[in-house]
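In case you want the letters, here they are:
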Amino acid sequence: MSFDEQPAADDSRPILRAEGLQKHFDQSQGMLDRLLGGGDTVKAVDGVDLEIAEGETLAVVGESGCGKSTLGQTLLNLHTATGGSIEFRGDELTGLSDREMRPYRKQMQMIFQDPLASLNPRQTVGDIVTAPMEVHDIGDSDEDRLERAEELLDRVGLEPGHVDRYPGQFSGGQQQRVGVARALAVEPELIVADEPVSALDVSVQAQILQLLEELQDELGLSILFITHDLSVVHQVADRVAVMYLGEIVETGPIRELFNDPEHPYTKSLLSAVPRIDPSARQDRIILEGTVPSPINPPDGCRFHTRCPAVIPGEDWDADQQAFRRAFTFRNRVEAGKLDPSAIRARLKAETGSVDAESVAGRLVEDALPGDPSELPDDAADTVRTAARQVADGDEETAVETVRRAFPSPCVAEAPRTVEPGLDRTAACHRVDPEREPGPLL
């Protein structure tokens with residue numbers, strides 16, 4: 001399917017639907033932690049809504065660590081959902097036992113990221129491909145199943161005679177073709193492809209993507225395609241769901257989302273996609289820091305700690321760019337990234353003497369993007385005050401100082417999911433018609 005030729009929308013009931021889906025992992029270290037309520041909880045998937053239509057490819061994209069793979073495995077009940085609902089053709093899957101899931105396993109299969117790690121090196125390709133058939137009673141005999149395996153290998157671009165070979169005798173691309181053949185062995189209706197080409201060379205990636213496209217057209221498959229690489233998404237997807245820190249922040253048809261992204265996170269991801277046409281290139285948006293820990297995600301909008309379009313508080317009287325700089329300083333103070341001990345050691349080595357004002361000044365230089373004089377006077381004074389509090393060892397007071405001075409609705413309240421266009425959703429205060437965030441300068 002080409003980027004410009006999108007299929008007609010399917011108005012039928014979705015083949016797969018998730019509502020408020022959660023998957024949390026308990027990180028308790030032992031019985032005492034569990035008894036006392038200790039230990040941390042990783043909120044890998046935290047309230048996801050999505051639908052996959054008949055014959056559709058939905059791409060789930062986002063940086064590593066945002067919960068994409070956990071989402072895919074939870075949708076297949078490979079992880080037990082912590083909360084929410086999963087429906088396959090209207091049947092509720094959450095809470096089903098392995099035995100109760102068996103009929104659905106035949107309808108829902110997975111292609112894994114690392115082809116070699118997902119294939120048993122001690123089994124022949126024939127054994128690997130026929131094993132799902134045996135589990136689901138497909139085929140009249142071993143000979144029949146082996147014949148089916150040979151046909152599948154031929155369908156995915158391998159030689160039928162490869163049934164007697166072992167996974168280690170194949171290249172990475174060939175191993176992934178074996179993985180595709182195994183997934184097709186039970187004639188599923190839905191395939192979850194978890195980063196299926198990320199471990200492959202670019203030329204081999206194109207071959208596997210083309211194979212998936214051909215198989216989908218031939219067999220009418222629905223595909224959930226998980227990837228961190230937007231450069232491959234437009235080759236395979238009908239719609240895109242953008243995921244950040246366990247949540248879906250934007251969804252939409254591939255062409256509309258690529259041409260007119262709504263969420264700042266989507267815009268930053270797309271700005272990194274290489275463009276052949278220089279006139280189509282966008283200015284690269286460099287995000288601050290890394291994805292926060294899902295153990296303790298930020299309050300409000302989870303993207304606010306890195307967002308280049310974070311909304312100023314009502315009393316801010318300078319432009320948004322200046323607020324972003326002050327807000328970055330706030331985030332660094334809150335995260336404990338100002339290190340006065342290291343500054344003292346540097347100053348002592350450079351000058352031989354250390355005083356609190358010098359430490360505070362160096363902290364500002366390290367933690368505030370740009371020159372403090374470019375901020376409004378009261379904001380610059382707040383930055384210096386907070387830096388002095390950190391230098392004096394009073395980090396808690398410094399945190400309160402920056403929170404009072406640089407508030408944002410992006411911290412105070414989680415954004416609603418709104419519909420900015422046909423078949424589109426976005427969870428961002430800036431696209432919420434009930435808010436007036438002001439101009440983004």
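The structure under discussion appears in the preceding block.
Residues numbered from 1 in each chain as written. Predicted model: local features only at pLDDT ≥ 70, side-chain atom pairs only at ≥ 80, totals over all residues. Heavy atoms only, no water.

1. Some thoughts on the environment of I343
If you trace the backbone, I343 turns up in helix α12 (residues 340–351). Spatially, the C-alpha atoms of I343 and H228 are 37 Å apart, while their sequence positions differ by 115 residues. Look past the residues within four positions of I343 in its chain and what remains in contact with it is V359, R362, L363 and D366. (Helix = DSSP H or I, 4+ residues; strand = E, 2+ residues; numbered from the N terminus. Contact = heavy atoms within 4.5 Å.)

2. Focus on the sheet that holds strand β12 (residues 425–427)
Pairing between the strands of a sheet comes from backbone hydrogen bonds, and it takes one of two forms, parallel or antiparallel. Taken in spatial order, the eight strands line up as β6-β7-β8-β3-β9-β10-β12-β11 in an open sheet, and their pairing is mixed. Because the sheet does not close on itself, it has two edges, and the strands there are β6 (108–111) and β11 (417–418). As paired elements, strand β3 (residues 57–61) and strand β9 (residues 239–244) share four bridges and run parallel to each other. Across the sheet, residue V60 finds its bridge partner in β9, namely A241. Against the sheet, helix α10 (residues 264–271) contacts β9 and β10 (247–253), and its axis sits at roughly 105° relative to β9. (Pairing = 2+ DSSP bridges. Axes fitted to C-alpha atoms, helices over the stretch in contact; angles between N-to-C directions.)

3. As for the pairing of β9
Counting buried residues along β9, six of its six residues qualify, which places the element largely inside the surrounding structure. The alternating pattern of β9 places R239, A241 and M243 and V240, V242 and Y244 on opposite faces, both of which are buried. As paired strands, β9 and β10 are joined by six bridges and run antiparallel to one another. Residue pairing in the sheet places A241 in a bridge with T251 of β10. (Buried < 20%, exposed > 50% of the residue type's maximum accessible area, 1.4 Å probe, protein only.)

4. Observations regarding unusual backbone geometry
For residues besides glycine, phi is generally negative; the peptide bonds are generally trans as well. If you check the backbone angles, E187 has positive phi at about 55° while not being a glycine. Within the secondary structure, E187 sits in the loop between α6 (172–184) and β7 (190–194). The class of E187 is exposed, set by a relative accessible area of 54%.

5. What to know about the side chain of D144
Summarising the element assignment, D144 is placed in helix α5 (residues 142–155). A residue is classified by how much of its surface remains accessible, and D144, at 18% relative accessible area, is buried. One polar contact links the side chain of D144 to the main-chain amide nitrogen of D140, over a distance of 2.9 Å. (Polar contact = N/O pair within 3.5 Å; in protein donor to acceptor, adjacent residues only side chain to side chain.)

6. Looking at helix α13 (residues 356–367)
A turn of α-helix holds 3.6 residues, and therefore any two residues three or four places apart point the same way. End to end, α13 covers 16 Å across 12 residues, agreeing with the expected 16 Å (1.5 Å per residue, within 8%). Regarding α13, the residues found buried are V359, A360, R362, L363, V364 and A367. Among the residues of α13, the N-terminal cap falls to D355, whose side-chain oxygen and the backbone nitrogen of E357 are separated by 3.1 Å. (Expected span 1.5 Å × (residues − 1).)

7. Remarks on the environment of V364
Position of V364 among the secondary structure elements: in helix α13. We classify V364 as buried; its relative accessible area is 7%. As a C-alpha pair, V364 and L422 span 58 residues in sequence and 46 Å in three-dimensional space. Beyond its immediate stretch of four places on either side in the chain, V364 contacts P372, V383, R384 and A387.

8. Let's talk about the sheet that holds strand β5 (residues 91–92)
Overall, antiparallel pairing links the four strands, which are arranged β2-β1-β4-β5 in an open sheet. In the strand order of this sheet, the two ends are held by β2 (41–52) and β5, each with one partner. Pairing geometry for strand β4 (residues 83–88) and β5, over two bridges, is antiparallel. Within the sheet, the bridge partner assigned to F88 lies in β5 and is D91. Across the sheet, helix α2 (residues 68–75) touches β1 (16–26), β2 and β4, and the angle it forms with β1 is around 115°.

9. Some details on the pairing of β6
Moving residue by residue along a regular strand, the side chains alternate between the two faces of the sheet. By the alternation rule, side chains of β6 split into M108 and M110 and Q109 and I111, which are all buried. Across four bridges, the pairing between β6 and β7 is parallel. When the sheet's bridge partners are listed, Q109 is paired in β7 with I191.

10. Quick word on the packing of α12 against α13
Relative orientation of the contacting elements α12 and α13 amounts to 110°, with a least axis distance of 10 Å. Considering the angle they form, α12 stands roughly perpendicular to α13. The chirality of how α12 crosses α13 is right-handed. For the pair α12 and α13, the contacting residues are P340, I343, R344, R346, L347 and E350 in the first and S358, V359, R362, L363 and D366 in the second. In terms of residue class, the contact of α12 with α13 is built from five nonpolar, one polar and five charged. (Parallel < 35°, antiparallel > 145°, perpendicular 65-115°, else oblique. Left-handed = near helix turned anticlockwise from the far one by under 90°. Nonpolar A, V, L, I, M, F, W, Y, C, P; charged D, E, K, R; others polar.)

11. Focus on the packing of helix α11 (residues 320–334) against helix α15 (residues 395–405)
One way to put it is that α11 packs onto α15 with a least axis distance of 9 Å and a crossing angle of 155°. Judged on the interaxial angle alone, α15 and α11 are roughly antiparallel. For the crossing formed where α11 meets α15, the hand is left-handed. For the pair formed by α11 and α15, the contact residues are F329, R330, V333 and E334 on the first element and A398, V399, V402 and R403 on the second. Partitioned by chemical class, the residues of the contact of α11 with α15 number five nonpolar, no polar and three charged.

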